[in-house]
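Structural characterization, general
Here's the letter readout for the chains.
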Amino acid sequence: MSKCIVLDAGHGRYGNPYPTIDGKYEGTQNFIYAGKLAARLEKAGFTVLLTRPCIDDDPSLAERGALAGKNNAALFLSLHSNAPGSSTPPDRYPLVRGVMTFYSLTAKEENAPFAAALNAAAAEVMQSDNRGIMIREYPGVPEDDYYGVIRAAAKSGCKQAFLIEHGFHTNIDDATFLTTDDCLERLADAEAAVIVSYFGE
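A quick note: this is a predicted structure, and the numbers were derived from the prediction, not measured.

Next up on the list: the packing of helix α3 (residues 108-126) against helix α6 (residues 181-199). In the contact formed by α3 and α6, the axes pass within 9 Å of each other and the chain directions differ by 155 degrees. Classed by the angle they form, the pair α3 and α6 counts as roughly antiparallel. Classified by chirality, the crossing of α6 by α3 is right-handed. Taken together, the residues of α6 that come into contact with α3 (itself represented by Glu110, Phe114, Ala117, Leu118, Ala121, Ala122, Val125 and Met126) are Arg186, Leu187, Ala190, Glu191, Val194, Ile195, Tyr198 and Phe199. In terms of residue class, the contact of α3 with α6 is made up of 13 nonpolar, no polar and 3 charged.

Okay, here's the thing in structure tokens:
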């Protein structure tokens, strides 16, 4: 039986409009990219489930993560792009870029090298900064992951749960990459290669 992978195209169709490119949205670009990555993984022999099979789908964070456990998935990967937080002055938003990956603390030793390989591959293809990998704990609950999709996936039984931020859609270079079809094809090639290598498919 082929291994199952759940790909989560973060947000909904119109989630997080790009301030850099009119008419583009993080949620839509995540959806487009999820389809490209899924096609490569299926070709490699994996079973791939999408949390958003249709572009207008927008399930809850808990539903997205739980899909992994319900289907005995070997990997849950949530696809996003980033924006600076409130600690960054607005005039510096366009200057911030780079790829970063969060991984579940429920299997830290196993997840860290996998997350690092995914992050490095994405940063190299995007020619963006590698901002590293990290865990994030839920405030006051040190054994729980902060991000709802990672937490739900891990609690459902899928310990290899990741959230990857593919650059910053507030940066014109990262945003241009994420809205260019050929670039997304190359990104999918790179990330699929890491996943295939990790599972020995």
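Applying the stated rule across the entire model yields 1 cavity of 30 Å³ or more. The space that makes up the largest cavity amounts to roughly 50 Å³. Along the walls of the largest cavity sit Tyr18, Gln29, Asn30, Tyr33, Ser81, His166, Leu178, Leu184 and Leu187, which together make up its complete lining. Breaking the lining of the largest cavity down by element, the ones donating at least two residues are α1 (26-43) and α6. Sort the elements by how many residues they give to the lining of the largest cavity and α1 lands first, with 3 residues. Of the residues that constitute the lining of the largest cavity, the class distribution is 5 nonpolar, 4 polar and no charged.

Here we take up the pattern of salt bridges. The tally for this structure, following the rule as stated, stands at 10 salt bridges. Between Asp174 and Arg97 there is a salt bridge, with the nearest N and O atoms lying 2.9 Å from each other. One end of the pair, Asp174, is in helix α5 (residues 172-178); the other, Arg97, is in the loop between β3 (75-82) and β4 (99-103), with 77 residues separating them in the sequence. By the burial criterion, Asp174 is buried, and Arg97 matches it. Lys155 serves as the salt-bridge partner of Asp144, at 3.2 Å between the closest nitrogen and oxygen.

On the basis of which strands lie adjacent, the open sheet formed by 6 strands has the order β2-β1-β3-β8-β4-β5 and mixed pairing. The open sheet has two edge strands, β2 (47-50) and β5 (130-134), and neither has a second partner. Within the sheet, the average angular offset between the axes of one strand and its neighbour, ignoring direction, is 20 degrees. Pairing between β4 and strand β8 (residues 161-168): 4 bridges, direction antiparallel. Among the inter-strand pairings, Tyr103 is bridged to a residue of β8, identified as Phe162. Of the strands in this sheet, β1 (4-9), β2, β3 and β8 touch α1, which is tilted by about 145 degrees from β3.

Right, let's get into the environment of Asp56. You can see Asp56 is positioned in the loop between β2 and α2 (61-70). For Asp56, a relative accessible area of 55% translates into the label exposed. Considering only alpha carbons, one finds Asp56 and Gly12, 44 residues apart in sequence, at a separation of 6.6 Å. A polar atom in the side chain of Asp56 sits 3.2 Å from the side chain of Arg13.

Thresholds, definitions, all that
Residues numbered from 1 in each chain as written. Predicted model: local features only at pLDDT ≥ 70, side-chain atom pairs only at ≥ 80, totals over all residues. Heavy atoms only, no water. Axes fitted to C-alpha atoms, helices over the stretch in contact; angles between N-to-C directions. Helix = DSSP H or I, 4+ residues; strand = E, 2+ residues; numbered from the N terminus. Parallel < 35°, antiparallel > 145°, perpendicular 65-115°, else oblique. Left-handed = near helix turned anticlockwise from the far one by under 90°. Contact = heavy atoms within 4.5 Å. Nonpolar A, V, L, I, M, F, W, Y, C, P; charged D, E, K, R; others polar. 1 Å grid on protein atoms, 1.4 Å probe; cavity = no way out; pocket = protein on both sides within 12 Å on 5 of 7 lines; lining within 4 Å. Points joined across faces, edges and corners; volume = space filled by probe spheres on them. Salt bridge = Lys/Arg side-chain N within 4 Å of Asp/Glu carboxyl O. Buried < 20%, exposed > 50% of the residue type's maximum accessible area, 1.4 Å probe, protein only. Pairing = 2+ DSSP bridges. Polar contact = N/O pair within 3.5 Å; in protein donor to acceptor, adjacent residues only side chain to side chain.

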